[in-house]
Amino acid sequence: QVQLVESGGGLVQPGGSLRLSCAASGFAFSTYRMSWYRQAPGKDREFVGGISSGDGSTNYADFVKGRFAISRDNSKNTVILQMSDLKLEDTAVYYCNAVRRVAGTGKQNDYWGQGTQVTVSS
């Protein structure tokens, strides 16, 4: 049974920091690209950043560059989103995503967590 369980969300003041975790189980975690997305009320879900399965290279949306950092620990099947200098507009539900192509099928496995709420407010 595939599971992605996010944790670490909460209420933080502008300029503060939060560390989100995503614990994965039920699939070959180390072979999946892991990403974080977020969805604010009334808005579409948007990409925050991702980390590859191979060399651990990362990429980020422009609006979080320099403030957020993604890391993974394949020995613990965990991916981390370290957020700093949080802004009011970072308020959203943050989701963990795992994706990997299925060889020879043209399809991909695509898994999502249930999300964790991050609220930035003074």
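To start, this report covers the structure provided alongside it. (Residues numbered from 1 in each chain as written. Predicted model: local features only at pLDDT ≥ 70, side-chain atom pairs only at ≥ 80, totals over all residues. Heavy atoms only, no water.)

Focus: the overall build of the chain
Okay, so step 1: Secondary structure summary: the chain contains zero helices and eleven strands in total.
Okay, so step 2: Secondary structure of the chain in N-to-C order comes out as β-β-β-β-β-β-β-β-β-β-β.
Okay, so step 3: For 122 residues, the compact-globule formula gives about 14 Å, and the C-alpha radius of gyration of the chain, at 14 Å, lands near that figure.
Okay, so step 4: Out of the 122 residues belonging to the chain, those deemed buried represent 39%.
Okay, so step 5: Intrachain contacts of the chain at a sequence separation of at least 6 include 54% that bridge at least 24 residues.
Okay, so step 6: Counting every atom, the chain has about 6500 Å² of accessible surface; 46% of that belongs to carbon and sulfur. (Helix = DSSP H or I, 4+ residues; strand = E, 2+ residues; numbered from the N terminus. Rg over C-alpha atoms; globule rule 2.2 N^0.38 Å. Buried < 20%, exposed > 50% of the residue type's maximum accessible area, 1.4 Å probe, protein only. Contact = heavy atoms within 4.5 Å. Areas by Shrake-Rupley, 256 points an atom, 1.4 Å probe, with all protein chains shown as cover.)

Overview of the environment of Glu6
Okay, so step 1: As for its position among the elements, Glu6 is in strand 1 (residues 3-7).
Okay, so step 2: Assessed through its relative accessible area of 5%, Glu6 is described here as buried.
Okay, so step 3: Glu6 sits 72 residues away from Thr78 along the chain, and the two C-alpha atoms are 9.7 Å apart.
Okay, so step 4: Apart from residues lying up to four places away in sequence, Glu6 is in contact with Ser21, Cys22, Trp36, Tyr94, Tyr95, Cys96, Gly113, Gln114, Gly115 and Thr116.
Okay, so step 5: Within the structure, the side chain of Glu6 is placed 2.7 Å from the backbone nitrogen of Cys96, a separation counted as a polar contact.
Okay, so step 6: Within polar-contact distance, the side chain of Glu6 engages the backbone nitrogen of Gly115 at 2.9 Å. (Polar contact = N/O pair within 3.5 Å; in protein donor to acceptor, adjacent residues only side chain to side chain.)

Considering the packing of aromatic side chains
Okay, so step 1: Applying the stated rule across the entire model yields six aromatic pairs.
Okay, so step 2: Look at Phe27 and Tyr32: their rings are 4.7 Å apart centre to centre, the planes differ by 65°, and that puts the pair in the edge-to-face class. Comparing Phe27 with Tyr32, the two get one shared label, buried.
Okay, so step 3: Here the aromatic rings of Phe27 and Tyr111 are separated by 5.2 Å at their centres, their planes lie at 50°, and the arrangement is tilted. With Phe27 in the loop between strand 3 (18-25) and strand 4 (33-39) and Tyr111 in strand 10 (residues 107-112), this residue pair connects regions lying 84 residues apart in the sequence.
Okay, so step 4: According to the relative accessible area criterion, Phe27 is buried, its value standing at 13%. (Phe/Tyr/Trp six-rings, centres within 6.5 Å; stacked < 30°, edge-to-face > 60°.)

Some words on the pattern of salt bridges
Okay, so step 1: The full count for this structure, using the stated rule, is five salt bridges.
Okay, so step 2: Between Lys65 and Asp62 there is a salt bridge whose closest N-O contact spans 3.2 Å.
Okay, so step 3: A relative accessible area of 63% places Asp62 in the exposed class.
Okay, so step 4: Among the ionic contacts, a cluster of salt bridges with common partners joins Arg38, Glu46, Arg67 and Asp90. (Salt bridge = Lys/Arg side-chain N within 4 Å of Asp/Glu carboxyl O.)

Regarding the side chain of Asn97
Okay, so step 1: Following the sequence through the fold, Asn97 ends up in strand 9 (residues 92-102).
Okay, so step 2: Accessibility expressed as a relative area gives 3% for Asn97, which makes it buried.
Okay, so step 3: At 2.6 Å, the side chain of Asn97 forms a polar contact with the side chain of Asp110.
Okay, so step 4: Looking at Asn97, its side chain comes within polar contact range of the main-chain oxygen of Tyr111, at 3.0 Å.

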